[in-house]
Amino acid sequence: MDAVSLTTLLGAAALAGWVDAVVGGGGLLLLPALLVAAPGLPVATALGTNKLAAIFGTSTAAVTYARRTKLDWAVAGPAAGLAVVTAGLGAALAGLVPAKAYRPVVLVVLVSVAVFVLTRPRLGVVASPARRTRGRVVAAVAVAGVGIALYDGLIGPGTGTFLVLAFTALVGADFLHGSAMAKVVNAGTNLGALVVFGVTGHVWWLLGAAMAVCNVAGAMVGARMALRRGAGFVRVVLLVVVLALVARLGYDQWTAVR
């Protein structure tokens, strides 16, 4: 890898850390950057190397949020514990699921998410504590710790965004606190997937470590910016990331069927 490619990749890692810390979706930037910078790199190895960088960034963001805002540990804690196991299972199955099998489904889900957020301008701007019933807490833990965590192990990009929306829609968190909870769970998904990718030899450790330093720097800036600017800022970034994910997956789907 030449110096220009490496510098570009490290810059992408820093930007991905910022995006992940605010609302998730940094993999949208970092995975393509990895595949471009290292042509011929197996997808599983790209996913594993990305997880090495991402776990440091999400953990840094989680700690930053935990120090400055109140986390709903009754939801985030059990979901994160489940996520370690479920994401590991997803990573073990990652090579068995072709992109063409999941891309259309994820694309439809993301379009639905964008419409859902756009048509509800107050969603996530202010917390709705009345939504936090016992049943909804159980549902949030299951959706985040099983469904979304499995997706993260299998595929990855957009996981943090899905987590923020799950916590906002299911238990009435505002976008800021939903993002804080998402970082805790995302750290769990990254850990579970990284262990599996590492054991199977799908991690470039030296490159991943260099990317992790930049990812942490971006995550620190992103988390502090989100805390300073509040839920409205997070909502705007969330919409931008969701629309970018739709554009990316839409382009991939279009080129796949040509």
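Before reading on, note that the structure itself is shown above.
Residues numbered from 1 in each chain as written. Predicted model: local features only at pLDDT ≥ 70, side-chain atom pairs only at ≥ 80, totals over all residues. Heavy atoms only, no water.

Participant: Can you walk me through the overall build of the chain in this structure?
Facilitator: Along the backbone of the chain there are ten helices and zero strands. In sequence order, the chain lays out its α and β elements as α-α-α-α-α-α-α-α-α-α. In terms of C-alpha radius of gyration, the chain reaches 17 Å, essentially the compact-globule figure of 18 Å for 258 residues. Summarising its shape, the C-alpha atoms of the chain cover approximately 50 × 40 × 30 Å along the three principal directions. Residue burial in the chain is summarised as follows: out of 258 residues, 54% are buried. Taking the contacts inside the chain whose residues are at least 6 apart along the sequence as the reference set, 83% of them involve residues at least 24 apart. For the chain, the exposed surface amounts to about 11,100 Å²; the carbon and sulfur share of it is 71%. (Helix = DSSP H or I, 4+ residues; strand = E, 2+ residues; numbered from the N terminus. Rg over C-alpha atoms; globule rule 2.2 N^0.38 Å. Buried < 20%, exposed > 50% of the residue type's maximum accessible area, 1.4 Å probe, protein only. Contact = heavy atoms within 4.5 Å. Areas by Shrake-Rupley, 256 points an atom, 1.4 Å probe, with all protein chains shown as cover.)

Participant: How do you make sense of the packing of aromatic side chains when you look at a structure like this?
Facilitator: Aromatic ring pairs: the centre-centre distance and the angle between the two ring planes describe each pair. Summed over all chains, the structure comprises two aromatic pairs. Seen from their ring centres, Trp-18 and Phe-233 are 6.2 Å apart, and the 80° between their planes marks the pair as edge-to-face. Placement of Trp-18 in helix H1 (residues 3–22) and of Phe-233 in helix H10 (residues 231–257) is noted, with a sequence separation of 215 residues between them. Ring centres 5.5 Å apart and planes at 75° place the aromatic pair Tyr-151 and Phe-162 in the edge-to-face group. Taken together, the residues span a long stretch of sequence, with Tyr-151 in helix H6 (residues 134–154) and Phe-162 in helix H7 (residues 159–171) at a distance of eleven residues. Each member of the pair Tyr-151 and Phe-162 is classed as buried. (Phe/Tyr/Trp six-rings, centres within 6.5 Å; stacked < 30°, edge-to-face > 60°.)

Participant: Sorry, what's going on with the nonpolar core here?
Facilitator: One broad rule of soluble globular proteins: the nonpolar side chains tend to lie buried together. Val-23, Tyr-65, Phe-167, Met-181 and Leu-238 are the most contacted members of the largest nonpolar core, which totals 59 residues. Ranked by residue count, the leading element in this core is H10, at eleven residues. Not counting residues up to four positions away in its chain, the partners in contact with Met-181 are Leu-71, Asp-72, Val-75, Ala-76, Phe-167, Val-171 and Ala-173. Residues Ala-13, Leu-47, Ile-55 and Ala-91 belong to the second largest nonpolar core, which totals 26 residues. (Core = buried A, V, L, I, M, F, W, Y, C linked by side-chain atoms within 4.5 Å.)

Participant: Explain a positive patch on the surface here, please?
Facilitator: A cluster of basic residues, Arg-67, Arg-68, Arg-224, Arg-228 and Arg-229, forms a positive patch at the surface. Every element with two or more residues in the positive patch is listed here: helix H3 (43–68) and helix H9 (205–229). Of the residues forming the positive patch, the biggest block, three residues, is contributed by H9. Locating Arg-229 in the fold gives a position in helix H9. Since its relative accessible area comes to 53%, Arg-229 is described here as exposed. (Patch = residues over 30% accessible without salt bridge, like charges linked within 9 Å, V, L, I, M, F, W, Y side chains within 5 Å. Salt bridge = Lys/Arg side-chain N within 4 Å of Asp/Glu carboxyl O. Lys, Arg positive; Asp, Glu negative; His and termini not counted. Charge placed at Lys NZ, Arg CZ, Asp CG, Glu CD.)

Participant: What is the right way to read the packing of H6 against helix H8 (residues 175–199) from this model?
Facilitator: Any two packed helices are characterised by how steeply their axes cross, that is the angle between the axes, and by the distance between the axes. For the pair H6 and H8, interaxial distance at closest approach is 10 Å and the crossing angle is 45°. By the angle between their directions, the pair H6 and H8 is classed as oblique. As for the relative orientation of H6 and H8, their crossing is right-handed in sense. Where H6 approaches H8, its residues Ala-144, Ala-149, Asp-152 and Gly-153 are matched on the opposing element by Val-185, Asn-186, Thr-189, Asn-190, Ala-193 and Phe-197. Residues of the contact of H6 with H8, tallied by class, amount to five nonpolar, four polar and one charged. (Axes fitted to C-alpha atoms, helices over the stretch in contact; angles between N-to-C directions. Parallel < 35°, antiparallel > 145°, perpendicular 65-115°, else oblique. Left-handed = near helix turned anticlockwise from the far one by under 90°. Nonpolar A, V, L, I, M, F, W, Y, C, P; charged D, E, K, R; others polar.)

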